[in-house]
Amino acid sequence: MNVVETSGLGKRYGRTWALRECALAIPAGHVTALVGPNGAGKTTLLNLAVGLAEPSAGAVTVLGGVPAGSPAALDGIAFVAQDAPVYKNLSAGDMLHVTGNLNHRFDRAYAQDRLAELGIPLKQKAGRMSGGQQAQLALTLALARRPRLLVLDEPVAMLDPIARHDFMATVLAAAADGVSVLLSSHVLAELERVADYLILLSKGRVQVAGQVEDLLAAHRMLSGPAGEADRYADRPVVHVRRGEAQAHLLVRAGAQNPVPDGWEAHPVGLEELVLAYLREPGAAALPGPARGRGATMTEVAR
């Protein structure tokens, strides 16, 4: 089952396309990282998936073919926006009461127990909480709805390292319990620790999509003499970084592309891979099969 699937999806604001020709199939059971520069269309894609915006072109379905924004979709998706949407003048207990009344399914006992574990009193007003506590309250409210898909838009952007670590630990625990997660973030080091599926947006289009282990296996870093870097321009090079003595080429791996004499090959990390594609927005990832029905290894930006 695909938790998010799009076909020719686009969103236009006036004459500007925030997202265009987006084709995705995100399989269930993953922590999916959504990355890209500012203005790439990440928040637009998330808003379309959770039903907060309507497409200008194409279609988006969730949870195995349910139209985004429909009652069935809303009942199975929880969304936490970047600004940790809590009412500052309401207490934590009030937020539990309001959220419980607005949703068909809400596990109040779970929410109360989790807030107690976090040391957040039910009588404490959200406006008097730290940024980390507000984020944890918003996440608790989302998880208490027992969603099948948890969507997070830059949830740790304003948190300190400890609050960020605690927040992501809760997300990983939810994923271990079977919740699919779609997470937008600029914190690449954090994503490398938690994500097993990657989507990279650039200029409103999907540039890379696939399981992290497959994408990493399909790339490697070549290091060799800087003066010889141009000799390999015909190879599937994603990005070149030159020094005075050495050059480092992130390339697509393959048996047909052996390591040149005098060069060394090294494995690639997620952060290294993402940065290379962000620096080369016209590059497209190596096509190939992905695991899971409907999943695609890559969607090439045209």
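Counting starts from 1 at the beginning of each chain's written sequence and moves along it residue by residue. Owing to the predicted nature of the model, reporting of local features is limited to residues with pLDDT of at least 70; listing and counting of side-chain atom pairs is limited to 80 or more, with chain, interface and lining totals taken over all residues. Hydrogens are left out, water is left out, and the side-chain values use all remaining heavy atoms of the structure.

Peer 1: If you had to explain the packing of aromatic side chains to someone new, which residues and values would you point to?
Peer 2: Here a pair means two rings of Phe, Tyr or Trp (six-membered ring of Trp) with centres within 6.5 Å. Their orientation is stacked below 30 degrees between planes, edge-to-face above 60, and tilted elsewhere. The full count for this structure, using the stated rule, is zero aromatic pairs. Note on geometry: a ring has a charge over it if NZ (lysine) or CZ (arginine) is within 6 Å of the ring centre and within 35 degrees of the ring normal. Sitting over the ring of Tyr110, Arg146 keeps its end group 4.4 Å from the ring centre.

Peer 1: Lay out unusual backbone geometry with the relevant residues and their values.
Peer 2: Even without glycine at this site, Glu21 takes up a positive phi of about 50 degrees. Strands here mean DSSP runs of E at least two residues long; helices mean DSSP runs of H or I at least four residues long; both are numbered from the N terminus. The residue Glu21 is located in strand 2 (residues 16-27) in this model. Accessible area is worked out with a 1.4 Å probe on protein chains only. A residue is then buried under 20% of its type maximum, exposed over 50%, and partly exposed in between. Since its relative accessible area comes to 38%, Glu21 is described here as partly exposed. One non-glycine residue, Arg146, lies in the positive phi region at around 50 degrees. Locating Arg146 in the fold gives a position in the loop between helix 5 (131-143) and strand 7 (149-153).

Peer 1: So what's going on with the packing of helix 3 (residues 92-102) against helix 4 (residues 108-118)? Residues and values would help.
Peer 2: Fitting a line to C-alpha atoms yields each axis, with helices limited to the stretch in contact; the angle taken between N-to-C directions then spans 0 to 180 degrees. The N-to-C vectors of helix 3 and helix 4 enclose an angle of 160 degrees; their axes lie 11 Å apart at closest approach. The angle between helix 3 and helix 4 places the two elements in the roughly antiparallel class. Between helix 3 and helix 4 the crossing geometry is right-handed. Within the contact between the two elements, helix 3 uses Ala92, Leu96, His97 and Gly100 and helix 4 uses Arg108, Ala111, Gln112 and Leu115. Throughout, the ten residues Ala, Val, Leu, Ile, Met, Phe, Trp, Tyr, Cys and Pro are labelled nonpolar, Asp, Glu, Lys and Arg are labelled charged, and all others, Gly among them, are labelled polar. Class assignment for the residues of the contact of helix 3 with helix 4 results in four nonpolar, three polar and one charged. By definition in this entry, angles of less than 35 degrees are roughly parallel, angles greater than 145 are roughly antiparallel, angles of 65 to 115 are roughly perpendicular, and the rest are oblique. Take the far helix as the reference: if the near one is turned anticlockwise from it by less than a right angle, the crossing is left-handed, and if turned clockwise, right-handed. It only takes one pair of heavy atoms within 4.5 Å for two residues to be counted as in contact.

Peer 1: Describe the pairing of strand 4 (residues 57-62), naming the residues involved and giving the relevant values.
Peer 2: Sheet analysis places strand 1 (residues 2-13) next to strand 4, joined by five bridges and oriented antiparallel. If you follow Thr6 over to strand 4, its bridge partner there is Val60. Two strands form a pair only when DSSP identifies at least two bridges running between them. The antiparallel pairing of strand 4 with strand 5 (residues 66-67) creates a hairpin that spans three residues between the two strands, and Leu63 there sits at a positive phi of about 55 degrees.

Peer 1: Provide a residue-level description of the side chain of Thr6, including the pertinent values.
Peer 2: Looking at the secondary structure, you find Thr6 in strand 1. For Thr6, the side chain forms a polar contact with the main-chain oxygen of Cys22, separated by 2.8 Å. In protein, a polar contact means a hydrogen-donor-capable atom and an acceptor-capable atom, both N or O and within 3.5 Å, with residues adjacent in sequence counting only if both atoms are side-chain atoms; elsewhere, any N or O pair within 3.5 Å suffices. Only 2.9 Å separates the side chain of Thr6 from the backbone nitrogen of Leu24, close enough to count as a polar contact.

Peer 1: Describe the pattern of salt bridges, and please don't skip the residues or the numbers.
Peer 2: Whenever Lys or Arg places a side-chain nitrogen within 4 Å of a carboxyl oxygen from Asp or Glu, that contact is recorded as a salt bridge. What the rule picks out here adds up to four salt bridges. Of the charged contacts in the structure, one is a salt bridge between Arg205 and Glu21, with a shortest N-O distance of 3.1 Å. Pair noted here: Arg205 is in strand 10 (residues 205-211) and Glu21 is in strand 2, with a separation of 184 residues, a long-range link. A salt bridge links Arg146 to Asp107, with the nearest nitrogen and oxygen atoms 2.9 Å apart. Residue Arg146 is found in the loop between helix 5 and strand 7, and its partner Asp107 is found in the loop between helix 3 and helix 4; the two are separated by 39 residues along the sequence.

Peer 1: So, the environment of Ser223: which residues are in play, and what are the values?
Peer 2: Among the structural elements, Ser223 can be located in strand 11 (residues 219-225). The exposure class assigned to Ser223 is buried, which follows from its relative accessible area of 8%. A polar side-chain atom of Ser223 sits 2.8 Å from a polar atom in the side chain of His248.

Peer 1: So what's going on with the nonpolar core? Which residues, and what values?
Peer 2: Among buried residues, the Ala, Val, Leu, Ile, Met, Phe, Trp, Tyr and Cys ones that are joined through side-chain atoms within 4.5 Å form a nonpolar core. Leu137, Leu150, Leu152, Phe167 and Leu198 are the most contacted members of the largest nonpolar core, which totals 53 residues. If you tally residues by element for this core, the top one is helix 5, at seven residues. Each residue touching Leu137, except ones within four places of it in the same chain, is listed here: Val86, Ala92, Met95, Leu96, Leu115, Ala126 and Met129. Counting residues in hydrophobic clusters, the runner-up holds 28 residues, among them Val3, Val60, Ile77 and Leu149.

Peer 1: Go over the sheet that holds strand 11, please, and point to the residues and values.
Peer 2: Strand order across the open sheet formed by four strands is 12-13-11-14, with antiparallel pairing between neighbours. The open sheet has two free edges, formed respectively by strand 12 (237-242) and strand 14 (264-266), since each of these has just one partner strand. Taking the axes of each pair of neighbouring strands and ignoring which way they run, one obtains an average angle of 20 degrees across the sheet. Both strand 11 and strand 14 contribute to a ladder of three bridges, which runs antiparallel. Across the sheet, residue Met221 finds its bridge partner in strand 14, namely His266.

Peer 1: Please give an account of the sheet that holds strand 8 (residues 180-184) that cites residues and values.
Peer 2: What holds strands together in a sheet is hydrogen bonding between their backbones, with the strands either parallel or antiparallel. The strand order across the open sheet formed by six strands is 6-7-8-3-9-10, and the pairing between neighbours is mixed. The strands lining the two open edges of the sheet, one partner per strand, are strand 6 (77-80) and strand 10. The mean inter-strand angle of the sheet, taken between neighbouring strand axes irrespective of direction, is 15 degrees. Relative to strand 7, strand 6 runs parallel, the two being bridged by four bridges. By the bridge assignment, Ala78 is partnered in strand 7 with Leu150. Across the face of the sheet, helix 1 (residues 42-50) comes into contact with strand 3 (31-35), strand 6, strand 7, strand 8 and strand 9 (197-202) while running at roughly 150 degrees to strand 7. Packed onto the sheet, helix 9 (residues 270-279) meets strand 3, strand 9 and strand 10 and runs at close to 20 degrees relative to strand 9.

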